[in-house]
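A closer look at the structure
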Amino acid sequence: MKIAFVGKGGSGKTTLSSLFIRHLAAVGAPVIAIDADINQHLGPALGLDETRAAELPAMGERLPLIKDYLRGSNPRIASADTMIKTTPPGEGSRLLRVGENNPVYDSCARPVELDGGAVRLMVTGPFTDADLGVACYHSKTGAVELCLNHLVDGRDEYVVVDMTAGSDSFASGMFTRFDITFLVAEPTRKGVSVYRQYKEYARDFGVELKVVGNKVQGAEDIDFLRAEVGDDLLVTVGHSDWVRAMEKGRPPRFTLLEDTNRDALRQLQTTVDTAYERRDWERYTRQMVHFHLKNAQSWGNERTGADLAAQVDPHFVLGESVAAAV
Ligand SMILES: Nc1ncnc2c1ncn2[C@@H]1O[C@H](COP(=O)(O)OP(=O)(O)OP(=O)(O)O)[C@@H](O)[C@H]1O
Ligand SMILES: [Mg+2]
């Protein structure tokens, strides 16, 4: 199950992603945690000290390896150089599974020990000023999109992505790559305006969007969110002393997380698990092709000097059965 946490800057995306990841680890589920945000904070939120967080390999710098591996023997992709972030898998492509070992994880993922078990952590890598506003900016988060498009995850496997809600995820197909998107919103007008913008983009693509209220202080806050987002409000989280202690560098055991917040995390998991029933691999494949053709036309063909539309394998549908057959 692919899960995104999005929302306004500072709303609590990283905090809630990290709590959800800790919750999943505590119940023994296999988890890949991905930091796809411009600000790389997920590692520290999962308890890594500064040195270890700084040593995490950057996916954005390992694109050639990722592309080369995923291309496999797909005859429609002439070389890894002609792969862009939206190049879809086809016959011959290598797919990724959550629990396996493969060269992509060897190179880009690092284990993080949490209460209950280890998760794999992958990060896009820090962004420099030179990345902003130019195509290579996209290529960094592009590594995540490429992996999601080649990932065949099953019912009880979780890929949790800490994202920005910025317009960059709309320019690419990133925002359509998830079984469910949790939009973290504080009970403020700004928090809610990001929700509206997201909802607008999401509508045409059948993106499942649920709001997680954060830093909610009482009934008035809940009423405000309910009035603004209606039934999309899934659950609310209040101020957490556990989180505060963690940020002071003194993480308590996860079992000591406040009961109400633990309940909220359980509810997130239930919501994710229910989303499996609505999963549609054909639509998933169709949408990746849609964004690939769009990117090919707007910059990809020109940049690679190839006709990238020819990379689309018209008979290929990503899915658990394809993965099982390989
Ligand atoms: N429920 C909470 N209880 C206590 N502190 C919280 C809670 N949610 C968020 N915070 C604090 O608020 C600050 C911002 O949270 P966080 O870094 O998770 O937001 P973000 O949306 O990931 O921000 P950015 O856009 O910068 O990535 C952090 O210091 C975090 O510890
Ligand atoms: Mg963050």
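See the structure shown above.
Residues numbered from 1 in each chain as written. Chains lettered and ligands numbered in written order. Predicted model: local features only at pLDDT ≥ 70, side-chain atom pairs only at ≥ 80, totals over all residues.

1. Some points on the sheet that holds strand S2 (residues 31–35)
Heads up, the condition is: Here a strand pair is declared whenever DSSP counts at least two bridges between the two strands. Only DSSP runs of H or I reaching four residues or more are called helices, and only runs of E reaching two or more are called strands; each is numbered from the N terminus. Axis definition: a line fitted to C-alpha atoms, over the contacting stretch in the case of helices. Angles run 0 to 180 degrees between N-to-C directions.
Spatial strand order, S3-S4-S2-S5-S1-S6-S7-S8: eight strands in an open sheet with mixed pairing. The outermost strands of the open sheet, each flanked by one partner alone, are strand S3 (109–114) and strand S8 (233–236). Taking the axes of each pair of neighbouring strands and ignoring which way they run, one obtains an average angle of 25 degrees across the sheet. In this structure, strand S1 (residues 2–7) lies alongside strand S5 (residues 158–162), joined through four bridges in parallel fashion. Bridge pairing in S5 links Lys2 to Val159.

2. Concerning the nonpolar core
What counts here: Defined on buried residues, the nonpolar core groups Ala, Val, Leu, Ile, Met, Phe, Trp, Tyr and Cys residues joined through C-beta atoms within 7 Å. Burial in this document is a count-based property: other C-beta atoms within 10 Å of a residue's C-beta are tallied, and the residue is buried at 20 or more, exposed at 12 or fewer, or partly exposed in between, with C-beta positions derived from the backbone. Here the contact rule is simple: place C-beta atoms from the backbone, and any two residues whose C-beta atoms are within 7 Å are in contact.
Among the nonpolar cores identified, the biggest contains 68 residues, and Ile3, Ala33, Leu121 and Leu183 are the most heavily contacted of them. If you tally residues by element for this core, the top one is helix H1 (residues 13–26), at six residues. Sequence-distant contacts of Ile3, that is, excluding residues within four places in its chain, are made with Tyr158, Val159, Val160, Val161, Phe178, Asp179, Ile180, Phe182 and Val272.

3. Quick word on the site of ligand 1
Where we set the bar: Any residue whose C-beta atom, as placed from the backbone, lies within 6 Å of a molecule or strand is termed near it. When residues are grouped by polarity, Ala, Val, Leu, Ile, Met, Phe, Trp, Tyr, Cys and Pro land in nonpolar, Asp, Glu, Lys and Arg in charged, and all others, Gly among them, in polar.
Lining the immediate surroundings of ligand 1 are 19 residues, of which Gly9, Gly12, Lys13, Thr14 and Thr15 lie closest. Secondary-structure elements contributing two or more residues to the shell around ligand 1 are H1 and helix H10 (241–247). Here the residues of the shell around ligand 1 are counted per class, giving two nonpolar, 12 polar and five charged.

4. A closer look at helix H12 (residues 281–304)
What counts is decided by this rule: Multiply 1.5 Å by the residue count of a helix minus one, and that product is the helix's expected span. Two axes enter the bend calculation: one fitted to the seven residues ending at the residue in question, the other to the seven starting there, and the bend is the angle between them.
The first and last C-alpha atoms of H12 sit only 28 Å apart over 24 residues, clearly below the 34 Å expected at 1.5 Å per residue. In the structure, H12 departs most strongly from a straight axis at Ala296, where the bend amounts to approximately 65 degrees. All of the buried residues in H12 are Tyr284, Thr285, Met288, Val289, Phe291, His292, Asn295, Ala296 and Gly300. After H12 finishes, the residue Gly305 shows a positive phi value of roughly 70 degrees.

5. Some words on the pairing of strand S4 (residues 117–123)
Across a regular strand the side chains alternate sides, sitting on one face of the sheet and then on the other. With four bridges joining them, S2 and S4 adopt parallel strand pairing. Within the sheet, the bridge partner assigned to Ala33 lies in S4 and is Leu121. Relative to S4, S3 runs antiparallel, the two being bridged by six bridges. In the strand pairing of S4, Arg110 is matched with Leu121. Linkage of S3 to S4, two consecutive antiparallel strands, is achieved through a turn of two residues, within which Gly116 is found at a positive phi near 105 degrees.

6. Here we look at the packing of H1 against helix H11 (residues 259–275)
Our working rule: For classification, angles of less than 35 degrees are called roughly parallel, those exceeding 145 degrees roughly antiparallel, those between 65 and 115 degrees roughly perpendicular, and all remaining angles oblique.
At a closest axis distance of 10 Å, the pairing of H1 and H11 adopts a crossing angle of 80 degrees. With respect to each other, H1 and H11 are oriented roughly perpendicular. Of the residues in H11, those touching H1 at Leu19, Phe20, His23 and Leu24 are Leu265, Leu268 and Gln269. When grouped by side-chain class, the residues that make up the contact of H1 with H11 number five nonpolar, two polar and no charged.

7. Considering unusual backbone geometry
The phi torsion at Lys215 lies on the positive side, around 55 degrees, for a residue other than glycine. Counting through the fold element by element, Lys215 comes out in the loop between strand S7 (209–213) and helix H9 (219–229).

8. Some words on the environment of Asp81
Inspection of the secondary structure puts Asp81 in the loop between helix H4 (63–71) and helix H5 (103–108). C-alpha of Asp81 to C-alpha of Lys67: the two residues are 14 residues apart in sequence and 8.0 Å apart in space.

9. A short note on the environment of Gly9
If you trace the backbone, Gly9 turns up in the loop between S1 and H1. For Gly9, a count of 13 C-beta atoms within 10 Å gives the class partly exposed. Each C-alpha atom, one on Gly9 and one on Met122, is 21 Å from the other, the two residues being 113 residues apart in sequence.

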